[in-house]
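Geometric and topological summary
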Amino acid sequence: MKSGNTPQENPTTTKETTKETNSQSIIEEERSRKAAEHFAECRARCPKCGTNFCVSCLTVPYHIGFTCGEFKAYQASRKCRYCKEKIKGEGASSLPVFKDVCKNLECVQLMQKACDKILPCGHTCYGFRGEKECLPCLNEECVKKNPQPTHDTKEDDYCPICYTSGVGDAPSIKPQCGHICHVDCLLNRLRKRWPGPRITFAFCECPVCRKWAEAPQSPEVAAEMKQIKDTFEDIRKKAVDRLKYEGLDKDKRLHDPSDKFYNNFEEYALTRLSYYMCFKCKKPYFGGLKSCENVNEGQRDYKESDLVCGACASDNIKGGMSNCALHGKDFIEFKCQFCCSVAQWFCWGTTHFCEPCHAKQCKGQYMNKIPKDKLPRCSGPDKCPLKIKHPPNGEEYSLGCAICRNNKANVKPF
């Protein structure tokens, strides 16, 4: 019978391999022991600035995992620019710019995303593949000569988004604000959008200077930013209209020359009003005023499918006004089923919650299990926060168009 192409295990080879592995393990254990002893004897911390260093070779910071001699040999060795491990034999590429990249899969993937150019100064470009203009040199020597192009950022300085590795450890990008970060870190940050149910825009800001991290040199970053800007502009316009409807345009802060919001209606509207993204139509909708009482910032375990605007909710439950002939769908609202407030949440395709009632529901105080006669009673149109006559709490009710309701109540144009 033929044995086929399957290689047969050689007992002699197996024993030699096992012996070699065991010897290597013994060597590594010995190195670790020596490094631990050196750490205990030579690592010190400056009492004034808190910096840790080696009292023997004065290396700052202390070379954890190495004795002085081992660290010196490591520094002089050829290392992968990404994982920092020693490169034995040939690297992953024959291109001079990637001569210091090992064959580890993760490192090869980073190499494929990296810029393949060498800068005029002779150092490697740490930018990304396909960039129209190379990143300024991040080599310590070049940064020391001219720190302005990189804001004094060097290849070993942490990415300001992930804070886990240097900007030279992965393809990086320089947004228009000038603060360099990993391009994948920026993309991931933008793609994840806001962290909670309420729409916020801090995620698209540079974590260093708080300016929008725009980077038109990257088509992927530019595409994400365009979508974010479209959402921002939509909310900005709706917020200004809603500010007038809520009567907040008369707030004294807008008319006080010493206040930061003086005549700044747009910024004030965005600061005071909350918007959520409708799961169905993918458009932002008004969800109430921002305050400690009605905004639960810590709520992370929410379901996106529970966030539905009034227009889509009306269509889903086959009741209420789903469109206004004058103002469209943007101002269609529902009442919270459990109190006299405007709803922000639409759960299970049947039930509307305001922010406080939804927070109680999520914490185990199940509002939907409370008998109708035990729910808060409305005090009537004159004292009701909604200023309307509506069915008893415990029933679904469409408020219709908020602007038309306001005009009818106040007999004034909007």
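Residues numbered from 1 in each chain as written. Predicted model: local features only at pLDDT ≥ 70, side-chain atom pairs only at ≥ 80, totals over all residues. Heavy atoms only, no water.

**Remarks on the overall build of the protein**
- For the protein, the count of helices and strands is 10 helices and 10 strands.
- Within the protein, contacts between residues separated by at least 24 positions form 43% of all contacts whose residues are at least 6 apart in sequence.
- Of the roughly 24700 Å² of accessible surface on the protein, a fraction of 52% belongs to carbon and sulfur atoms. (Helix = DSSP H or I, 4+ residues; strand = E, 2+ residues; numbered from the N terminus. Contact = heavy atoms within 4.5 Å. Areas by Shrake-Rupley, 256 points an atom, 1.4 Å probe, with all protein chains shown as cover.)

**A closer look at helix α6 (residues 219–246)**
- For α6, built from 28 residues, the straight-helix expectation of 40 Å at 1.5 Å per residue is met to within 8% by its first-to-last C-alpha distance of 40 Å.
- Buried residues of α6: V221, E224, M225, I228, T231, I235, K238, A239, V240, R242, L243 and Y245, and no others.
- Immediately downstream of α6, the backbone of G247 shows phi near 80 degrees, a positive value. (Expected span 1.5 Å × (residues − 1). Buried < 20%, exposed > 50% of the residue type's maximum accessible area, 1.4 Å probe, protein only.)

**Section: the nonpolar core**
- Formed by 42 residues in total, the largest nonpolar core has its most connected members in I173, L190 and V221.
- Where this core is concerned, the elements lending two or more residues are α5 (183–192), α6, α7 (265–272) and β5 (273–277).
- Contact partners of I173, with chain neighbours within four places excluded, come to F128, L135, H179, I180, C181, V183, L186, A215, Q217, S218 and V221.
- Of all hydrophobic cores here, the second largest spans 29 residues; its members include C278, F338, C347 and M367. (Core = buried A, V, L, I, M, F, W, Y, C linked by side-chain atoms within 4.5 Å.)

**Some thoughts on the confidence of the model for the protein**
- In this model, the protein carries an average pLDDT of 82, and 84% of its residues clear a pLDDT of 70 or more.
- Every residue in residues 1–17 scores below 50 in pLDDT, and together they form one contact with partners more than four places removed in sequence or on other chains.
- Long-range and interchain partners of residues 292–299, a stretch whose pLDDT sits below 50, account for 20 contacts in this model, where long-range means more than four residues apart. (pLDDT = per-residue confidence, 0-100.)

**Notes on the environment of N139**
- Relative to the elements of secondary structure, N139 occurs in the loop between α3 (105–113) and α4 (140–145).
- In this structure the C-alpha to C-alpha distance between N139 and C121, which are 18 residues apart in sequence, comes to 9.6 Å.
- In this structure N139 touches H123 and E155, once residues within four positions along its chain are discounted.

**Points about the packing of aromatic side chains**
- Tallied over the entire structure, the rule returns 13 aromatic pairs.
- Between F338 and F353 the ring centres are 5.0 Å apart and the planes differ by 40 degrees, which places this aromatic pair in the tilted class. Linking F338 in the loop between β7 (332–334) and β8 (345–347) with F353 in strand β9 (residues 351–353), this pair joins segments that are 15 residues apart in sequence. No difference in accessibility class separates F338 from F353, as the two residues are buried.
- By the ring-pair criterion, three or more aromatic residues cluster together here, those being W194, F201, F203, W212 and F232. (Phe/Tyr/Trp six-rings, centres within 6.5 Å; stacked < 30°, edge-to-face > 60°.)

**Here we look at the pattern of salt bridges**
- Throughout the structure, instances matching the rule amount to 21 salt bridges.
- The partner of D169 in a salt bridge is K84, and the shortest N-O contact between them spans 3.0 Å. In this pair, D169 is assigned in the loop between α4 and β3 (172–173) and K84 in the loop between α2 (68–76) and α3, connecting sequence segments 85 residues apart.
- Judged by relative accessible area, K84 falls into the partly exposed class, the value being 29%.
- When the shortest N-O distance is used, the salt bridge between K226 and D230 registers 3.1 Å. Of this pair, K226 and D230 both sit in helix α6, four residues apart, roughly one helical turn.
- With relative accessibility at 54%, the residue K226 sits in the exposed group.
- Residues joined by salt bridges that share partners form a network here, namely R191, R193, E220 and E224. (Salt bridge = Lys/Arg side-chain N within 4 Å of Asp/Glu carboxyl O.)

**Topic: the environment of A170**
- Position of A170 relative to the elements: it lies in the loop between α4 and β3.
- With 15 residues separating them along the chain, A170 and C185 place their C-alpha atoms 9.6 Å apart.

**Examining the pairing of strand β6 (residues 284–289)**
- Burial of β6 is extensive: five of the six residues sit out of reach of the surface.
- As paired elements, β5 and β6 share four bridges and run antiparallel to each other. Each residue of the ladder has a partner; that of Y275, found in β6, is F286. (Pairing = 2+ DSSP bridges.)

**Some details on unusual backbone geometry**
- In this model, V60 is joined to P61 through a cis peptide bond whose omega is -10 degrees.
- On the secondary structure map, P61 appears in the loop between β2 (52–54) and α2.
- A positive phi is found at L58, a non-glycine position, where the angle reads about 65 degrees.
- Along the chain, L58 turns up in the loop between β2 and α2.
- The exposure class of L58 is exposed, given its relative accessible area of 60%.

**Thoughts on the side chain of H390**
- Mapped onto the elements, H390 comes out in the loop between α9 (355–362) and β10 (398–401).
- Those residues in contact with H390, other than ones at most four positions away along the chain, are K335, C340, C378, C384 and Y397.

**Re the packing of α6 against α7**
- Between α6 and α7, the shortest axis-to-axis distance is 8 Å and the interhelical angle comes to 95 degrees. Relative to α7, α6 is oriented roughly perpendicular. Counted together, F232, I235, R236, A239, V240 and L243 of α6 and F265, E266, Y268, A269 and L270 of α7 form the full contact between these two elements.
- Taken together, the residues of the contact of α6 with α7 sort by class into nine nonpolar, no polar and two charged. (Axes fitted to C-alpha atoms, helices over the stretch in contact; angles between N-to-C directions. Parallel < 35°, antiparallel > 145°, perpendicular 65-115°, else oblique. Nonpolar A, V, L, I, M, F, W, Y, C, P; charged D, E, K, R; others polar.)

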